[in-house]
There are 2 protein chains.
Amino acid sequence: MIKLYELSGKNSVIFSPYCWRVRLALLHKQLKFSSVETAFTDITKIHDGTFKTVPVLCDDKININDSFNIIEYLEAAYPAKPSLFKSNEGRALSMFIEAWASSLHPDIARMAIADIYSHLQDKDRTYFRETRESFFGKNLEIVQEESFELAKESFLVKLNLLEKHLIKTEFIGGECPLYPDFIVFGSLQWLLTTSLHFEVNNLPDNTKIWFSKICSTYSIKNKEFE
Amino acid sequence: MIKLYELSGKNSVIFSPYCWRVRLALLHKQLKFSSVETAFTDITKIHDGTFKTVPVLCDDKININDSFNIIEYLEAAYPAKPSLFKSNEGRALSMFIEAWASSLHPDIARMAIADIYSHLQDKDRTYFRETRESFFGKNLEIVQEESFELAKESFLVKLNLLEKHLIKTEFIGGECPLYPDFIVFGSLQWLLTTSLHFEVNNLPDNTKIWFSKICSTYSIKNKEFE
């Protein structure tokens with residue numbers, strides 16, 4: 001059976017945007033998989049120790065990481081299962097959406113870096129605090145406190161583009177969810193599963209409706225809808 | 001034969017982003033058309049006088065405006081000709097790209113509003129100056145002078161997303177140009193045909209290569225490549 005190594009925090013919370021993308025892709029393709037909850041500091045214990053990031057997908061004799069690589073693998077290996085791209089244009093849309101979603105990540109990090117820390121497994125805390133504080137040059141709690149409002153504003157301005165799109169179409173990929181939807185879902189889910197200060201009701205209206213449709217289509221139990 | 005009413009300035013310069021989108025779509029679909037050069041102040045003389053914007057496309061018994069409407073009409077009316085969307089996902093990509101390209105327009109307007117004015121037909125000048133100065137609350141030359149550098153910076157930051165995409169794929173829509181490519185081409189061509197201060201060499205590298213490929217594929221004589 002397919003194994004998916006996913007970043008996990010305390011109480012099995014799955015929060016990595018890239019892991020959510022692959023998790024939804026597997027659900028969409030109706031492929032059975034077992035999730036291997038993985039701490040940041042245990043990533044080097046996966047397989048032969050060469051992986052530096054998760055998700056890592058192990059299937060038959062292949063072990064790969066990088067969410068887009070994994071998606072390309074799944075499309076090639078399981079052509080009879082529901083497609084994630086549906087067409088070359090769906091693949092192009094996924095690539096553009098991936099670049100766009102990346103532009104949300106610095107804002108999300110600034111909105112939730114201390115909250116993310118608070119969700120980590122104990123064994124990850126020192127590693128995470130040291131690397132992230134070195135990156136920001138500041139204490140994590142101070143980064144979040146000082147940046148939250150401006151980062152939220154910047155984030156919501158960027159989401160206007162998605163909101164405009166979702167006024168015209170039910171899903172990002174058109175009439176049914178495709179990989180571009182899972183990319184953006186992953187980014188938002190990263191924020192929503194970790195932030196103590198941003199909830200689904202803070203999303204623009206159509207984005208919120210779209211988000212809840214993805215949750216119900218793939219039976220994602222989101223704390224926001226419980 | 002299809003008639004395309006296009007905004008035109010002095011010396012027959014075609015500069016409207018929306019007109020360029022439809023012009024390229026007609027070239028891509030290999031449909032013969034005659035261009036009717038139209039001044040801003042002559043738009044109300046088209047057909048029955050109900051149109052407030054160009055492009056207007058007249059074909060057989062249909063007269064329509066709005067670039068996306070026109071594209072949908074062309075796809076439906078000429079299914080045997082090369083497709084502009086190729087798939088539902090190509091249509092979804094076009095919609096997202098249209099929203100994204102719209103976000104470039106306020107920057108382009110601020111970078112080139114006085115230069116655009118200088119390209120207009122004499123009869124359009126009073127109308128254009130009055131409506132645009134009323135919008136900006138300032139003299140057009142002052143708007144451009146005061147805003148150019150900041151607007152250019154904002155524009156180039158936004159173009160990073162396109163540049164990232166074009167590192168991975170030859171055209172926005174994938175392996176061949178499609179309507180998403182024509183949308184962005186139209187927006188850039190608006191700037192490049194009018195600005196006296198921004199040229200194709202100011203575009204990021206991959207965007208520049210992509211732009212010149214579109215020009216050569218559809219035999220667009222761009223002043224920048226002459």
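As annotated in an unreviewed UniProt entry, chain A carries the name Glutathione S-transferase N-terminal domain-containing protein and comes from Aliikangiella maris.

J.: Describe the packing of helix H2 (residues 67-77) of chain A against helix H3 (residues 88-102) of chain A, naming the residues involved and giving the relevant values.
T.: Helix-helix packing is characterised by the crossing angle of the two axes and by the distance between the axes. Residue and element names in this part refer to chain A. Where H2 contacts H3, the two axes come as close as 12 Å, and the packing angle between them is 165°. As the angle between them shows, H2 and H3 are arranged roughly antiparallel. Handedness of the H2/H3 crossing: right-handed. Along the contact surface, H2 presents Ser67, Phe68 and Glu72, while H3 presents Arg91, Ser94, Met95 and Glu98. For the contact of H2 with H3, the class distribution of residues is two nonpolar, two polar and three charged.

J.: Break down the relation of the copies chain A and chain B for me, with residues and values.
T.: Mapping chain A onto chain B calls for a rotation angle of 180° and an axial translation of 0.0 Å; the resulting RMSD is 0.0 Å. Given the turn and translation reported, the copies of this chain are related as if by a two-fold rotation axis. Taken as a fraction of all interface residues of chain A, those also at the interface in chain B reach 100%, which identifies the copy contact as same-surface.

J.: I'd like a description of the interface of chain A and chain B, backed by residues and values.
T.: Tallying the contact residues gives 25 residues for chain A and 25 residues for chain B. Taking both sides of the interface into account, the surface hidden between chain A and chain B amounts to around 2000 Å²; carbon and sulfur atoms contribute 73%. Between chain A and chain B we count two salt bridges in total. Of the charged contacts, one joins lysine 168 of chain B and glutamate 98 of chain A as a salt bridge, the two residues approaching to 3.5 Å between their closest N and O atoms. Connecting chain A to chain B are seven residue pairs in polar contact (both at pLDDT 80 or more). Put simply, the parts of the chain that give the side of chain A that touches chain B at least two residues each are H3 and helix H6 (140-168) of chain A. The leading source of residues in the side of chain A that touches chain B is H3 of chain A, at 12 residues. Here the residues of the side of chain A that touches chain B are counted per class, giving 12 nonpolar, eight polar and five charged.

J.: Got a sec to walk through the sheet that holds strand S1 (residues 2-7) of chain B? Specific residues and values, please.
T.: Residue and element names in this part refer to chain B. Spatially, S2-S1-S3-S4 is the arrangement adopted by the four strands of the open sheet, whose pairing is mixed. On the outer flanks of this sheet lie strand S2 (33-38) and strand S4 (62-65), each paired with one strand and no other. Averaged over all neighbouring strand pairs, the angle between strand axes comes to 20°, with direction disregarded. Pairing of S1 with strand S3 (residues 56-59) involves three bridges; the strand directions are antiparallel.

J.: Mind laying out the domain arrangement of chain A, listing which residues take part and the relevant values?
T.: Residues and elements named next belong to chain A. Parsing chain A into structural domains produces domain 1 (2-77) and domain 2 (88-225). Its C-alpha centre places domain 1 at a distance of 19 Å from the equivalent point of domain 2. Each side of the interface is counted separately: domain 1 has 23 residues, and domain 2 has 32 residues. Together, Arg21, Phe40 and Phe68 form the three largest contributors to the area buried by domain 1 at its contact with domain 2, with a combined 28%. For the interface between domain 1 and domain 2, the tally reads two salt bridges. Of the charged contacts, one joins glutamate 72 and arginine 91 as a salt bridge, the two residues approaching to 2.5 Å between their closest N and O atoms. Seen at the junction of domain 1 and domain 2, the total is 11 residue pairs in polar contact (both at pLDDT 80 or more). Of all elements in the fold, only helix H1 (17-28) and H2 reach the threshold of two or more residues within the side of domain 1 that touches domain 2. Looking at which element gives the most residues to the side of domain 1 that touches domain 2, the answer is H1, with eight residues. By residue class, the composition of the side of domain 1 that touches domain 2 is 13 nonpolar, six polar and four charged.

J.: Describe the pairing of S2 of chain B, listing the residues and the values that go with them.
T.: Residue and element names in this part refer to chain B. As paired elements, S1 and S2 share six bridges and run parallel to each other. For glutamate 6, the partnering residue across the bridge sits in S2 and is glutamate 37. In this fold, S1 hands off to helix H1 (residues 17-28), which returns the chain to S2; that crossover is right-handed.

Cut-offs applied
Residues numbered from 1 in each chain as written. Chains lettered and ligands numbered in written order. Predicted model: local features only at pLDDT ≥ 70, side-chain atom pairs only at ≥ 80, totals over all residues. Heavy atoms only, no water. Axes fitted to C-alpha atoms, helices over the stretch in contact; angles between N-to-C directions. Helix = DSSP H or I, 4+ residues; strand = E, 2+ residues; numbered from the N terminus. Parallel < 35°, antiparallel > 145°, perpendicular 65-115°, else oblique. Left-handed = near helix turned anticlockwise from the far one by under 90°. Contact = heavy atoms within 4.5 Å. Nonpolar A, V, L, I, M, F, W, Y, C, P; charged D, E, K, R; others polar. Least-squares fit on C-alpha atoms with pLDDT ≥ 70 in both. Buried area = accessible area lost by both parts, 1.4 Å probe. Salt bridge = Lys/Arg side-chain N within 4 Å of Asp/Glu carboxyl O. Polar contact = N/O pair within 3.5 Å; in protein donor to acceptor, adjacent residues only side chain to side chain. Pairing = 2+ DSSP bridges. Domains from an automatic or database assignment. Right-handed = clockwise from strand over helix to strand, strands pointing away.

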